[in-house]
Amino acid sequence: MNLDRLRKRVRHYIDEQQYQSALFWADKIASLSHEDPQDVYWLAQCLYLTSQYHRASHALRSRKLDKLYRACQCLAAKCHYAAAEYQQALDILDMKEPPSKKLLGKSAKKDKGIKESAKDWGMPTSSIKSSICLLRGKIYDAMGKRPQATSSYKEALKLDVYCFEAFDLLTAHHMLTAQEEKEFLDSLPLSEQCTKEEEELLRFLFESKLKKYNKPSELVIPGTVNVLQDNLDVVVCLAERHYYNCDFNTCYKLTSMVMVKDPFHANCLPLHIGTLVELSKSNELFYLAHRLVDLYPNGTVSWFAVGCYYLMVGHKNEHARRYLSKALALERNFGPAWIAFGHSFAVESEHDQAMAAYFTASKLMKGCHLPMLYIGLEYVLTNNSKLAEKFFSQALSIAPEDPFVMHEVGVVAFQNGDWKMAEKLYFSVRYSVTQVSLKVNVDKWEPLLNNLGHVCRKLKKYDQALEYHRQALVLIPQHASTYAAIGYVHSLMGDFESAIDYFHTALAVKRDDAFSVTMLGHCIEMYIGDEEAYIGTDLKDKLRSPLSTPALMKMLNTSTVNSTTANTSTVDTSECQNQTLEESSIMSLETTPHPDKSAGTAPRPIVPFEFDVYESDMMLETSMSDTST
């Protein structure tokens with residue numbers, strides 16, 4: 001009987017996804033060939049494809065094939081991994097000796113036999129070794145042993161540079177910092193395993209997946225692979241760069257285009273969800289979330305989308321946590337869900353719970369600075385600038401050129417009274433942002449301009465302060481704090497009339513702004529004190545006539561004395577208030593709470609006018625976008 005024809009028939013049924021037919025004939029072929037190892041291996045493959053994991057493992061291990069052949073060893077361990085029996089899978093892979101000395105075989109003789117069998121089966125040895133290292137890394141990852149998983153993924157890539165899954169797990173789970181990713185990519189033996197054209201292609205594809213939030217930058221596609229500019233994965237990478245550059249409108253256009261061509265693109269979905277949150281497109285996110293839940297009820301991203309929707313609409317933080325918890329139950333290592341979980345507590349000023357979620361995210365995302373950044377923000381809100389500075393420093397060590405982290409370090413310097421350092425950091429952030437030719441979203445960098453204005457005010461550079469506040473006003477016209485800041489600078493310059501106008505405008509936008517109310521009263525008193533006393537039209541007319549009667553002289557003298565006394569009293573009061581304005585009023589400004597975006601939430605203690613830089617949605621992100629967010 002010609003068994004080769006039947007073997008080809010098994011491969012054909014596997015290619016056609018007719019796994020039951022493939023299993024039937026693979027079982028018969030194994031019997032007809034007197035349990036030839038290759039036929040038993042394909043029988044186990046068919047059992048694995050039909051989700052009969054323990055039968056597949058038993059078929060290999062009962063015949064000791066996992067001790068003799070790398071492919072059988074890998075498949076047996078993969079069966080136990082699929083059944084969530086991680087320790088048994090590690091036992092099969094045999095971790096008694098270091099991986100560098102013993103990847104598989106127990107002796108040189110056995111190793112030689114393995115190589116010959118692998119060659120006969122049409123599977124390169126390096127590819128099988130890479131698969132074993134990849135599987136080992138996934139097992140460690142599932143067991144929460146991130147350092148060992150990282151080492152295994154790196155070893156898998158060195159053995160087979162085409163093993164994209166290992167590279168994707170390294171970058172998607174943020175196991176390496178941006179600098180470590182770059183150094184590791186340079187250390188890969190691309191020239192040894194690839195042709196020159198493939199090397200350029202692989203380098204471009206890998207570089208496009210590297211961290212994009214370290215500093216704003218643009219994606220440049222080499223001319224030799226320019227045809228890939230319409231590839232969906234490349235478009236998603238480009239959209240992610242726009243996301244981290246805060247150009248959410250362009251990112252939304254690109255992700256929407258991808259969603260039209262591939263409505264369930266795995267890499268695009270988290271990014272698209274984060275963009276919808278940033279642009280407050282609640283209806284579209286509602287439709288997408290419910291569609292994902294209907295079609296993929298066991299998908300992590302599905303419940304993540306539902307949680308993000310309830311987090312975005314406000315007053316639904318409890319619902320958001322419920323669905324985010326469901327997403328984390330399906331995949332506990334999903335970092336963006338942990339960050340969003342922390343945001344749900346942060347908007348309610350539940351700092352301890354928020355920091356607990358961020359700490360968990362930091363353990364899972366060693367190479368991502370966003371959890372450290374958010375922990376620092378929570379410490380700032382609890383007026384613990386020392387710990388905030390510590391975590392900002394850790395975030396800077398991971399992403400030394402990230403403008404958001406540098407901005408928050410400037411806020412801490414402002415709080416500590418180091419105006420010069422704060423000014424230097426803010427100028428550095430502004431320069432970094434202006435280097436990007438892409439149009440940034442106005443909502444993100446308006447606090448930077450306002451903070452520059454506050455620093456200049458502290459340094460008595462009132463003209464520059466007004467200029468920065470006016471630039472911020474151009475970005476977001478209806479912002480009460482910006483009007484109040486401009487009014488305050490005018491009051492310090494002695495221009496009380498302009499200050500009164502701006503404080504009135506601030507109160508028109510936000511009626512309960514306590515600082516504007518207080519400052520408006522001060523400025524009105526000072527403005528009245530600077531003006532001449534008003535003695536009335538009738539009295540002026542009488543003064544134009546000759547002073548002929550004693551009654552008129554008495555009235556004039558009485559009126560003059562009273563007005564002079566009132567004026568003197570007003571000036572004295574104004575001078576006294578003017579002396580304490582820079583101290584008492586600024587203290588009122590610094591302790592003025594900023595209401596959260598969600599109505600009814602508790603106010604947070606903020607430094608003067610710098611409240612915008614502490615809002616958790618400033619990065620999204622983040623976190624929810626690095627999802628990478």
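Residues numbered from 1 in each chain as written. Predicted model: local features only at pLDDT ≥ 70, side-chain atom pairs only at ≥ 80, totals over all residues. Heavy atoms only, no water.

Looking at an unreviewed UniProt entry, one finds the chain named Cell division cycle 16 homolog (S. cerevisiae) and attributed to Lepisosteus oculatus.

**Student:** I'd like a rundown of the overall build of the chain, residues and numbers included.
**Tutor:** When you go through the chain residue by residue, the secondary structure sums to 33 helices and zero strands. Going through the 629 residues of the chain one by one, you find that 51% of them count as buried. Only carbon and sulfur atoms are counted for the fraction: they give 53% of the accessible area of the chain, which is about 30,000 Å². (Helix = DSSP H or I, 4+ residues; strand = E, 2+ residues; numbered from the N terminus. Buried < 20%, exposed > 50% of the residue type's maximum accessible area, 1.4 Å probe, protein only. Areas by Shrake-Rupley, 256 points an atom, 1.4 Å probe, with all protein chains shown as cover.)

**Student:** Run through the packing of aromatic side chains, naming residues and quoting values.
**Tutor:** Enumeration over the complete set of coordinates arrives at 25 aromatic pairs. Summarising the aromatic geometry, the rings of phenylalanine 304 and phenylalanine 334 are spaced 5.3 Å apart at their centres and angled 85° between planes, so their arrangement reads as edge-to-face. Placement of phenylalanine 304 in helix H18 (residues 300-313) and of phenylalanine 334 in the loop between helix H19 (317-330) and helix H20 (335-346) is noted, with a sequence separation of 30 residues between them. Looking at phenylalanine 304, the relative accessible area reads 0%, which means it is buried. Ring geometry for phenylalanine 414 and tryptophan 419: centres 5.1 Å apart, planes at 65°, overall edge-to-face. Judged by its relative accessible area of 25%, tryptophan 419 falls in the partly exposed class. (Phe/Tyr/Trp six-rings, centres within 6.5 Å; stacked < 30°, edge-to-face > 60°.)

**Student:** Explain the nonpolar core residue by residue, including any values.
**Tutor:** In terms of nonpolar packing, the biggest core is built from 106 residues, with Ile273, Leu285, Phe304, Tyr426 and Phe503 touching the most fellow members. Among the elements that line this core, the one with the most residues is H18, at ten residues. Apart from the residues lying within four places of it in its own chain, the contact partners of leucine 285 are Ile273, Leu276, Val277, Ala305, Cys308, Tyr309 and Met312. Of all hydrophobic cores here, the second largest spans 59 residues; its members include Leu6, Ile128, Leu176 and Phe184. (Core = buried A, V, L, I, M, F, W, Y, C linked by side-chain atoms within 4.5 Å. Contact = heavy atoms within 4.5 Å.)

**Student:** Can you tell me about the confidence of the model for the chain, naming the residues and giving the values?
**Tutor:** Per-residue confidence for the chain averages 79 on the pLDDT scale, and 76% of its residues sit at or above 70. The weakest mean pLDDT in the chain belongs to helix H33 (residues 621-625) at 31; the strongest belongs to helix H4 (residues 53-61) at 95. Residue range residues 95-116 is modelled with pLDDT below 50. Its contacts to residues more than four positions away, or to other chains, number 20 contacts. Across residues 545-556, where pLDDT falls below 50, the model places eight contacts with residues more than four positions away in sequence or in other chains. (pLDDT = per-residue confidence, 0-100.)

**Student:** Residue-level account of the packing of helix H15 (residues 248-261) against helix H16 (residues 268-278), with values.
**Tutor:** Interhelical geometry of H15 versus H16 gives an angle of 140° and a closest axis separation of 9 Å. Of the possible angle classes, the one that applies to H15 and H16 is oblique. Once H15 is placed against H16, the crossing between them reads as left-handed. Residues Phe248, Cys251, Tyr252, Thr255, Ser256, Val258 and Met259 of H15 form the contact with H16, whose own contacting residues are Cys268, Leu269, Leu271, His272, Thr275, Leu276 and Glu278. (Axes fitted to C-alpha atoms, helices over the stretch in contact; angles between N-to-C directions. Parallel < 35°, antiparallel > 145°, perpendicular 65-115°, else oblique. Left-handed = near helix turned anticlockwise from the far one by under 90°.)

**Student:** Tell me about the environment of histidine 479, residues and numbers included.
**Tutor:** Mapped onto the fold, histidine 479 is located in the loop between helix H27 (462-475) and helix H28 (480-492). Judged by relative accessible area, histidine 479 falls into the buried class, the value being 15%. Once the C-alpha coordinates of histidine 479 and valine 509 are considered, the two residues, 30 residues apart in sequence, prove to be 7.1 Å apart.

**Student:** Now, about H28: what can you tell me, with residues and values included?
**Tutor:** Between its first and last C-alpha, H28 extends 19 Å over 13 residues, near the 18 Å set by a 1.5 Å rise per residue. Across the 13 residues of H28, twelve count as buried, placing the element largely inside the fold. Inspection of H28 places Ala480, Ser481, Thr482, Tyr483, Ala484, Ala485, Ile486, Gly487, Tyr488, Val489, His490 and Ser491 among the buried residues, and these make up the whole buried set. Where H28 ends, the next residue or the one after it, glycine 494, has phi of about 90°, a positive value. (Expected span 1.5 Å × (residues − 1).)

**Student:** Tell me about the pattern of salt bridges, and name the residues and values.
**Tutor:** The tally for this structure, following the rule as stated, stands at 13 salt bridges. The salt bridge involving aspartate 39 is made with arginine 7; its shortest N-O contact spans 2.7 Å. Here aspartate 39 is found in helix H3 (residues 37-49), whereas its partner arginine 7 is found in helix H1 (residues 3-15), with 32 residues between them in sequence. There is no split in this pair, since aspartate 39 and arginine 7 are both buried. Where salt bridges share partners, they join Asp4, Arg7 and Asp39 into one cluster. (Salt bridge = Lys/Arg side-chain N within 4 Å of Asp/Glu carboxyl O.)

**Student:** Can you explain the side chain of serine 362? Please cite residues and give values.
**Tutor:** One can find serine 362 in helix H21 (residues 351-364). Under the relative-accessibility criterion, serine 362 is labelled buried at 10%. At 2.5 Å, the side chain of serine 362 forms a polar contact with the backbone oxygen of phenylalanine 359. With sequence-adjacent residues up to four places away left out, serine 362 is seen in contact with Pro371 and Met372. (Polar contact = N/O pair within 3.5 Å; in protein donor to acceptor, adjacent residues only side chain to side chain.)

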